[in-house]
Every structure is written in C-alpha cells, then in structure tokens.
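Coordinates in review
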Amino acid sequence: MEDAGQKESVPVPKERSYFRDNPPPKTLESHTKLAKAFISYHVRSNRDVVMITSGGTTVPLENQTVRFIDNFSAGTRGATSAEYFLEAGYAVIFLHRQFSLLPYSRHYSHSTNCFLDFMTEGQNGEVEVNPEYQQKMLGVLRKYNAAKRENKLLMLPFTTITEYLWELREIATLMRPLGPKALFFLAAAVSDFFLPKDRISEHKIQSSDNKEPVTNGSSKSETSAGPPVGHGKQLKIDLDPVPKFLKMLVDGWAPEGMIVSFKLETDPSLLVFKAQQALEKYAHHLVIGNLLSTRKYEVVFVAPGEEEHWIRVPVHRRIKSVTAPRPDMKALKDEQTTEQEWFRG
Ligand code: PMT
C-alpha cells in the first residue's frame, strides 16, 4: 500500500515540459507587446487576422551556436501568401525565419540581380530606379506602403525551433479574442527532432583532432544522453522528437480559430496518406500537402469529409522544377514567377 505522505508522481506531458525545460527567447517579451497592440487594434476594427508562419526552424548543436541543423524552406510560400491575404483584406502577423523571404521585399531581396542593379544614376547624380523596373516596383511599393499605413502587417522573426514554438504559443493565445476571425496559415518548415537544452554543449563541439581537457583524471567524455561529441571522424547526435504542438493550437491555444497547416513529403506515394493522417491527428480545418520537387506548381487540399482536391498550374505555364534544397539565385527568380502562376491558377 502507498504511504499516505508519498504522492504518486504524475508524468508531465511532453508538450508542457518542453516550455518548462527550454527557456523563452529574449525577444518574446517585446514581440508579445507588439502582437498584443496589433491584435487589439484589429479586434477593435473587426478585421480578420491571419498568422502566417514561414521559413525553416533551426536546431542548434551548441549554445554559442556555430553549427545547427536546418529545415528546408526559402519562405516563398509564406511571403507570397502574405501578400495575397493582405489583398484579401486580412491583417497579417508574419512569423518568419530571420532573413528568409518577406512580403513585398521578396521581389528584390533574393533576385538574380543585386539590388543595386535595380538602380541607376540620374543626370544630377541622384539615385533613381532603372526605368525598366519602374512600373513593377511602383506597384509593389504602393501595396507595401498601404499595408504599413493601415497597420496591417506585423513581421516577427525567429531562428530556432524553440523560439518558433514559444512565439507560436504566445501569439496564438493572444489571438483568442478574435474568435473565428483568427486564421492560422502554418507554412513554416518545422523541425521534427531537436536537442534539448540540458544536452546542448555550451561551446563549439571539438573534433577528435583536438585533445579534450582532462578534469579530475577523467576525460570530459559524453554519455549516451550527453551533448554531441566527435568520435574519431564521426559526430554522434542523439536528438529527441519535438512534441506535437499542432493539436494544442486546436485544443488550448486558439480553439475557435481556423487552422490551415502544410504537410511536406518527398515520396509521392505517401503524401495524401500523411496529409490525411495529419488532419485526423491535429483536427485542423485544412491540410495542404506538397512535394518538395513539385511544390511550386501543385498542392493537394485535404479537408474533413471531403475528397482530396489537387490544384495545379497548367503544364504550359510551369517553369522548370526547383529541387535544390537551397535554391540558387536564378532558381529563386523562377520560383517567384511560378508562385504568381500558382496563386492565379
Ligand atoms: O518556403 P518554401 O520554400 O516556399 O517552401 C514551402 C514549404 C514546402 C516549406 C511549405 O509549403 C510546407 O510544406 N511547410 C510545412 C513543412 C513541414 O514542416 O512539414 P512536415 O510534414 O515535415 O512537418 C513535420 C512536423 O512538423 C509535422 O509532423 C508537424 O507536427 C510539425 N509541423 C508542421 C508544419 C507546421 N507549420 N508546424 C508544425 O509544427
């Protein structure tokens, strides 16, 4: 029989212990303040607000980070979608990977041209936009300025998976007063595995060419659950699964909001099945599936109680597929053009 004073230890769910064990980013407080003001403003004006997540999350291998594992995403889907949501009248919270593509500036920031190639020197030594680009740039500039003037675009950056999750939880909770006027459009590429805080080395992981300092007569070697350490020419990393937080968006953080999430696969035979599985598991309103190699011109919509529905850019309007994990500059320019086709299609 159990001792009366002895309490049965109740395991803390992984989703809860994650936030206890992995501290919030330094920026959380200032981002929360900005998001709170932004959301209150739009609650007062009865406007729909979408939080778009965009870009890949990193998993740092060291606290003073030299190396990290990255997730593929240039931010094209998120940044382009933000522009279309703004055009449709939404206010947009753009939670994005730092230095990934941003709405409006994406037309120039990662182009084949250096941004200076869009400029020219006027007759009196003033800097002007090259006449070739004037018209398009004016259109983009007007839309960008309108979004700023109307306080309809809030851009908040993250880098690591932990930063992303803290920000997602905080902002989703702040969006609760919007009720069904809140939309979540989760296009970020989110790490499935991570290195918990207590197993991250403080300093740069050393290769075996460097002798480790010896303390108290024993080498500062790792245990299997210790920080990653080089073995000969190998580096062994023991990653934990990232708890599945997407269900919490529905159950706890933003129960009334509409949730659209993305599912990325590389094997065509798995895509629809995995998207359906995600829909069941997370109870979102829509899961959009895409394959890495064809994501620019076809996606599949999977919604509860409905047949899967493919949206495709017609073949004659496609630009050659981009499969490189980090697209080169030429590929990025192609991507921008094809992305416009996708949205029009
Ligand atoms: O930015 P681009 O270059 O245009 O590319 C766009 C994109 C391919 C990154 C985008 O369209 C896309 O598919 N985003 C989702 C990528 C992703 O993380 O999918 P995944 O199936 O690998 O997800 C892994 C796990 O992360 C899921 O099981 C889910 O639990 C979680 N997840 C997924 C998406 C998300 N937004 N949040 C999550 O927490």
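That block above? That's the structure.
Here goes a summary of the coordinates provided. The model shown is predicted, which means the values in this text are computed figures rather than measured ones. (Residues numbered from 1 in each chain as written. Predicted model: local features only at pLDDT ≥ 70, side-chain atom pairs only at ≥ 80, totals over all residues. Heavy atoms only, no water.)

1. Considerations on the overall build of the protein
Short version of the rule: Numbered from the N terminus, helices here are DSSP runs of H or I no shorter than four residues, and strands are runs of E no shorter than two. For every residue, the accessible area (1.4 Å probe, protein chains only) is compared with the maximum for its type, and the residue is labelled buried under 20%, exposed over 50%, or partly exposed between those bounds. Contacts are residue-level and defined by heavy atoms, with any inter-residue pair within 4.5 Å sufficient. Working definition of accessibility: Shrake-Rupley area with a 1.4 Å probe, residue cover restricted to the visible protein chains.
In terms of regular secondary structure, the protein is built from nine helices and 18 strands. Within the span of the protein, comprising 345 residues, buried residues form 43% of the whole. Here the contacts in the protein between residues at least 6 apart in sequence split such that 73% fall between residues at least 24 apart. Surface accessibility of the protein: about 19300 Å² in total, with carbon and sulfur atoms responsible for 54%.

2. Section: the site of the ligand
Quick reminder of the rule: For each residue, the test is whether any non-hydrogen atom lies within 4 Å of the molecule or strand; if one does, the residue is near. Any pair of nitrogen or oxygen atoms within 3.5 Å is treated as a polar contact; in protein, a donor-acceptor pairing is required on top of that, and neighbouring residues in sequence qualify only through side-chain atoms on both sides.
Of all residues adjacent to the ligand, which total 22 residues, the nearest are Ser73, Gly75, Lys263, Tyr282 and Asn290. For the ligand, an oxygen atom lies 2.8 Å from a polar atom in the backbone of glycine 75. Compared with its free state, where it exposes 770 Å², the ligand has 94% of that area covered by protein. Listed by contribution, the elements that provide at least two residues to the shell around the ligand are α3 (76–87) and β15 (258–265).

3. Some points on the pattern of salt bridges
If charged atoms from side chains of opposite charge come close, those side chains can pair. Under the convention used in this document: The salt bridge definition used is simple: a Lys or Arg side-chain nitrogen within 4 Å of an Asp or Glu carboxyl oxygen.
Applying the stated rule across the entire model yields 12 salt bridges. Across the pair arginine 199 and aspartate 240 runs a salt bridge whose closest N-O atoms are separated by 3.5 Å. With a gap of 41 residues between them, arginine 199 in the loop between β9 (193–194) and β10 (214–215) and aspartate 240 in strand β14 (residues 240–241) connect regions that are remote in the sequence. Note on aspartate 240: relative accessible area 26%, which makes it partly exposed.

4. Observations regarding the environment of threonine 162
Note that threonine 162 resides in helix α6 (residues 161–174). For threonine 162, a relative accessible area of 15% corresponds to the buried category. On a C-alpha basis, the gap between threonine 162 and lysine 143 in space is 33 Å, while along the polypeptide they are 19 residues apart. When near neighbours in sequence (up to four residues on either side) are disregarded, threonine 162 contacts Tyr18, Asn22 and Pro23.

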